[in-house]
Amino acid sequence: MWLCASIRSMSSGGAFIPPRQFFTIKTIWPPLAVKDALKEAKVTMTSIDGVAFTRGPGMPGCLGVGMNAAKTLASSLNKPLVGVHHMQAHALTPMLTSSQAPEFPFLALMISGGHTMILLASSETSFELLANTADVSIGNAFDKVSRELGLPWTDAAHRNVVGAGPMLEKVAEEHASISSCDTPAFPVPMRGRLAFSYGGLMSSVQRHVANLKGNGPLRRDTQSSIAYSFQVAAIDQLREKLSLALDLCRRRSTTITTVVISGGVASNKYLRSRLENFLGHRQLAVHYPPPSLCTDNAAMIGWASMQRFLLGDCDPYTIRLKPAWPITELQGSH
């Protein structure tokens, strides 16, 4: 009940979970999540061989909830414990979900609410950062533009949570059936540079919306037109930076045949279609996790921990979080 109330609060313009609700979530949810997971998997705790959790990077408060629950389970059951790198887990998810797993080396485009980066993956633990965002992430831009347009995060009855980014995608889809509204053009910043910037795009949309709001609330066709144009510019930037990264690998004589695209924003259907078409013309295989595994999930953490469990490379129960943990420092950092 409190979660729904918090989401309605964010939908109406806020962007946080109040402390009282967060305290309740972090104390009540972990046991319920464990119970539901065991029930769904049809196993008991005595069947569990180890416990994995997200060590970082991320928000310390959220990471701490998972770490404390994992430590409690592992220590009380005398099971091995492994802390996993969040972005490594996203990058390796297609190795679990694809019928033909991507082969190293491959490029990994990580697009979420917290990250926008291109990685060169040489092994399960070796990643080179080729491009990062200079300001905000693409997921953050999707959320803020959605709020700027006044789009709700839930359905009309406030029963189903849609989310800011998915709602923007849904409204943008309506643009194809609208012919009476002008479509604005938004810029793709930092052309020719192997770096992302979504702050400038977000500001362009905000200025455009502010000018329109002087004439009253935005009509639905106007919202749809702006959402569509924002998506086009956001994805055009991804295409250009992928092209630059592929050119860099070619100059280095690093053969790339596969691109992995993961993170919450990778569930966007329009984005998938545009990037598949773009990379297909370059004779590159594209691997996405299924939409349900694009956002943060336990399956990707369990999969990313598997190799270390099998090697007996586990962490002590005294392990600490790494809220700021560059993926380039993954090797040898356990």
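A short tour of the structure in this document, coming up. Treat the numbers as computed from the prediction; the structure is a model and nothing was measured.

## Points about unusual backbone geometry
For the bond running from G56 to P57, omega is -10°, close enough to zero to count as cis. The amide bond that connects F104 to the next residue, P105, takes the cis arrangement and shows omega of -5°. Structurally, P105 can be placed in the loop between α4 (86-97) and β3 (106-111). A positive phi angle, close to 55°, is found at M190, a residue other than glycine. Within the element layout of this structure, M190 appears in the loop between α6 (164-173) and α7 (199-213). In the Ramachandran plot, S253 falls in the positive-phi region, its phi being about 65° despite a non-glycine side chain. Note on placement: S253 falls in the loop between α8 (220-251) and β6 (258-262). In this structure S253 comes out as exposed when scored by relative accessible area, which is 63%.

## With respect to the side chain of D221
Positionally, D221 belongs in helix α8. Polar side-chain contacts of D221 include one of 2.8 Å to the side chain of R219.

## Regarding a nonpolar patch on the surface
A grouping of L96, W303, M306 and L310 is seen on the molecular surface, where their side chains present a nonpolar patch of about 390 Å² in accessible area. Counting residues per element, the nonpolar patch draws most heavily on helix α10 (residues 298-311), which supplies three residues. Counting through the fold element by element, L310 comes out in helix α10.

## Quick word on the pattern of salt bridges
Tallied over the entire structure, the rule returns nine salt bridges. Each member of the salt-bridge network shares a partner with another, and the members are R308, D313 and D315.

## Notes on the packing of aromatic side chains
Applying the stated criterion to the full structure yields four aromatic pairs. Positioned over the ring face of W325 is R55, at 5.4 Å from the centre of the ring.

## Some remarks on the environment of W325
Turning to its location among the elements, W325 is positioned in the segment after α10. What makes W325 buried here is its relative accessible area of 4%. Expressed as a C-alpha distance, the spacing of W325 and H86, which sit 239 residues apart in the sequence, is 9.2 Å.

Here is what the cut-offs are and how they apply
- Residues numbered from 1 in each chain as written.
- Predicted model: local features only at pLDDT ≥ 70, side-chain atom pairs only at ≥ 80, totals over all residues.
- Heavy atoms only, no water.
- Helix = DSSP H or I, 4+ residues; strand = E, 2+ residues; numbered from the N terminus.
- Buried < 20%, exposed > 50% of the residue type's maximum accessible area, 1.4 Å probe, protein only.
- Polar contact = N/O pair within 3.5 Å; in protein donor to acceptor, adjacent residues only side chain to side chain.
- Patch = residues over 30% accessible without salt bridge, like charges linked within 9 Å, V, L, I, M, F, W, Y side chains within 5 Å.
- Areas by Shrake-Rupley, 256 points an atom, 1.4 Å probe, with all protein chains shown as cover.
- Salt bridge = Lys/Arg side-chain N within 4 Å of Asp/Glu carboxyl O.
- Phe/Tyr/Trp six-rings, centres within 6.5 Å; stacked < 30°, edge-to-face > 60°.
- Lys NZ or Arg CZ within 6 Å of the ring centre and 35° of its normal.

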